[in-house]
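# What the coordinates show
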Amino acid sequence: MTSPASGKAGAAVDTLGGGPRRRRPRVGRRRGAAPLPLLVPALIGLAFLVLPLVALLIRAPWHSMPDLLTSAEVWQALRLSLVCATAATAVSLVIGVPLAWLLARVEFPGRGLVRALVTLPLVLPPVVGGVALLMALGRNGVVGKWLDSWFGVTLPFTTTGVVIAEAFVAMPFLVISVEGTLRAADPRYEEAATTLGASRFTAFRRVTLPLIAPGVAAGAVLAWARALGEFGATITFAGNFPGRTQTMPLAVYLALQNDPEAAIALSLVLLAVSIAVLAGLRDRWMTAS
Amino acid sequence: MTRSVRRTRRTTQVAGLGAAALLALTACSSSDDDSAGTSDPSGSASASGKLSGEVTVFAAASLKESFETLGKEFEKAHPGTKVTFSFGGSDALAASITGGAPADVFASASPKTMKIVTDAGDNAGEPATFVRNQLEIATLPGNPDKVASLKDLTGSDLKVVLCDKTVPCGAAAEKALAASELKLTPVSYEEDVKSALNKVVLKEADAALVYKTDVKAAGDKVEGVEFPESADAVNDYPITLLKGSKNTATAKAFIALVQSAEGQKVLTSAGFLKP
C-alpha cells in the first residue's frame, strides 16, 4: 500500500475513508496517466477490498441500529474486546520487544529457525493455534496440568485465556515490525553509548528504544488490531461466555446464526473501531513504515 | 469438482468447521430396484430411474456418525452416487442455506432451525420429522465428580459447558433447566454440540449437556448420566429436500433411506428415538 515513492502514504488511508475518486486526479497530475493494463486490475483490486465493506453499510439495518447497539450484551462484548486486545498488546510489548531485539542484535546458532518459529502464528490457522494452546495450557495440557495442580490456575474459559489466545496470534506482528526497525536502525549509536560507559541494558533503554519507538508503535497498532479481530483461537481456547470470554467477533459469529441483522450491526461497530484506529494513528503508523 | 470445492469452502466459512467429509469410494455392488449399470459422473439423474450424481447433505452436527454410515450404505446401494456431508450447528447450516449455499438436503436438529429455511422458501416439500433426540449429561470417564442429577451441576465447582442457546442443543438445555427450575452457570456456551462434548473429551470441562447420541458416539471417552428433566426437552429432527437441489431424484432417495426401516435402525442404534 505504501509503495508509491511519493511518500504521500496517507492517501492509502484516505481510500478507507471512501475517497478513491478524490485521489485519482492527484495521481494523474503527478505521475502521468496510468496505463490501462495497470489501472483496470488496480481498480478491480480496490473494488474487491472495498465492496464487501460497502455492502455491509448498504445492508445495515439502520432503523433498528440504536436498539441493537445499545443492548448490554453488545457493550459488554465490545468492552471485553477492547480490554483484551489492549492487554494482549501489552503482553506482546513486554515479551515481544526483547524477543525482537534478540533476533536483530544477537548472533546465535539457529537464529533463522527461531525467526521462522516466531512468525509461524502468522500463517497458522487461528483455530490450530487455539487447539495448540489447549494442548499446552489447557487444564489437561502439557504445562497447564502443572499450573492447575501447583497453583490452581486454569486458563481455558477465562478472560486471561482470551488475552493469551490473542497475544499468541498478534505478537508475531509486533516482533516482525520491531525487528525490521531494529535492523534498519544504526547500531553505532548503541555502541557509542556502551563505549561511554552505559551498560547494554541502559543503552537499549535510553538509546535504542527511543530510536525504534515509531516501529514499536506501528507494531503495537498492528498487534492490537489483529488481537481485536481474533476469533478462531479465542473460541477454541477460551470458549464463549458473555462478559468473560465473548469478544465482539464471537458475538458476531453467534449472532449471525439466529439474528443476521444484529450480526451486521455488530460488524459495523468493529469496522468503525478499526477505521478509527487506522485514521487516528495514521501519522505515526506511516512514518514508521 | 470445482463446484464441490467452492461449495466446501463456502460452507467452511459459514460454519467455521472443517471441510465437509468427502466420502469418495463407492463400492461395487447393487441392490434394490436399481439395476447395476454404468455410472454417470455428470451429476444429473437420468430419466430411467437409475440414480447417480452427487448429493450434498447439510446435517446437524449430532447426526454425523449415523449419517456417515447411511451415506456409505447409500453409495453402496447406488453405485455412481456420492453423498457429501457438511455437518455443523443447525443454525449455521440454515443460515448458509438461506445465504445460497448449494445443498440438496437439510436435516436439522430442531423445527425452529428448519423454520429459518422454510420461512425463506428454500425448501421443496414439507419437512418431516425423522428422529428425536434427548439430552444427557456427559461427564469425565468414571464420573469422578459423582454427577447423578442435573442439580449436581449447579452451584458446585464443576466446570460445565452448554451449547449456545442459538443452537438446538442449547435451546433444549435451556428448556430442561427451566422445567426443573434450576440455574446453571456454565464456563462457556459452545457453538455446537460437538464442541461442547469435546471440551469434556479433552478434560477441559467436567461436564456438558449434550445429546444422548453424542455421548454414545464418544464411546468410553465420556460417561453419560441420564436425567429425568431431559424428557421435557426432546428435540424433533426434521429433514427436507431443498429447492436449490440439482439432483432431486438422488436426494429424495437419500431422504427415503433415512426414513426407511433400515435407516431408522442405524439411527436408533446410535441412540436416537423414533419420531
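Quick notes on the rules
Residues numbered from 1 in each chain as written. Chains lettered and ligands numbered in written order. Predicted model: local features only at pLDDT ≥ 70, side-chain atom pairs only at ≥ 80, totals over all residues. Heavy atoms only, no water. UniProt positions renumbered as here; feature names shortened; annotations may be inferred. Helix = DSSP H or I, 4+ residues; strand = E, 2+ residues; numbered from the N terminus. Buried < 20%, exposed > 50% of the residue type's maximum accessible area, 1.4 Å probe, protein only. Contact = heavy atoms within 4.5 Å. Areas by Shrake-Rupley, 256 points an atom, 1.4 Å probe, with all protein chains shown as cover. Phe/Tyr/Trp six-rings, centres within 6.5 Å; stacked < 30°, edge-to-face > 60°. Axes fitted to C-alpha atoms, helices over the stretch in contact; angles between N-to-C directions. Left-handed = near helix turned anticlockwise from the far one by under 90°. Buried area = accessible area lost by both parts, 1.4 Å probe. Salt bridge = Lys/Arg side-chain N within 4 Å of Asp/Glu carboxyl O.

Per an unreviewed UniProt entry, chain B goes by the name Molybdate ABC transporter substrate-binding protein and belongs to Streptomyces aquilus. Looking at the Sequence similarities (unreviewed entry) heading of the UniProt record, one finds this comment for chain B: "Belongs to the bacterial solute-binding protein ModA family."

Under an unreviewed UniProt entry, chain A has the name Molybdenum transport system permease and belongs to Streptomyces aquilus. Under Function (unreviewed entry), UniProt gives the following word-for-word description of chain A: "Part of the binding-protein-dependent transport system for molybdenum; probably responsible for the translocation of the substrate across the membrane."

## Some thoughts on the overall build of chain B
Along chain B, the regular secondary structure elements total 9 helices and 10 strands. Residue burial in chain B is summarised as follows: out of 275 residues, 53% are buried. Long-range pairs, those at least 24 residues apart, make up 78% of the contacts in chain B between residues at least 6 apart in sequence. Accessible surface for chain B amounts to roughly 11,600 Å². Of this, 52% is attributable to carbon and sulfur atoms.

## Let's talk about the packing of aromatic side chains
Tallying each qualifying case throughout the model produces 14 aromatic pairs over all chains. Geometrically, the ring pair formed by Trp 101 of chain A and Phe 204 of chain A is edge-to-face, given 6.1 Å between the ring centres and 70 degrees between the ring planes. Placement of Trp 101 of chain A in helix α5 (residues 72-105) and of Phe 204 of chain A in helix α11 (residues 200-229) is noted, with a sequence separation of 103 residues between them. For Trp 101 of chain A, a relative accessible area of 18% corresponds to the buried category. Ring geometry for Phe 67 of chain B and Phe 130 of chain B: centres 5.9 Å apart, planes at 40 degrees, overall tilted. Of this pair, Phe 67 of chain B sits in helix α2 (residues 64-77) while Phe 130 of chain B sits in strand β4 (residues 123-133), placing them 63 residues apart in sequence. Phe 130 of chain B carries the same exposure label as Phe 67 of chain B, and that label is buried.

## Brief notes about the packing of α5 of chain A against helix α6 (residues 111-123) of chain A
All names here are of chain A. Running from N to C, α5 and α6 cross one another at 150 degrees; their axes reach a closest spacing of 10 Å. In terms of crossing hand, the pair formed by α5 and α6 is left-handed. Listed contacts from α6 to Leu 99, Leu 102, Leu 103, Ala 104 and Arg 105 of α5 are Arg 111, Val 114, Arg 115 and Val 118.

## Some words on the interface of chain A and chain B
Facing the 21 residues of chain A at the interface are 26 residues of chain B. For the pair chain A and chain B, the two sides together bury roughly 1,900 Å², of which 54% comes from carbon and sulfur. Ranking the residues of chain A by area buried against chain B places Arg 139, Phe 157 and Gln 257 of chain A at the top, with a combined share of 36%. Applying the counting rule to chain A against chain B returns 1 salt bridge. The salt bridge partner of Arg 139 of chain A is Asp 206 of chain B, with a shortest N-O separation of 2.9 Å.

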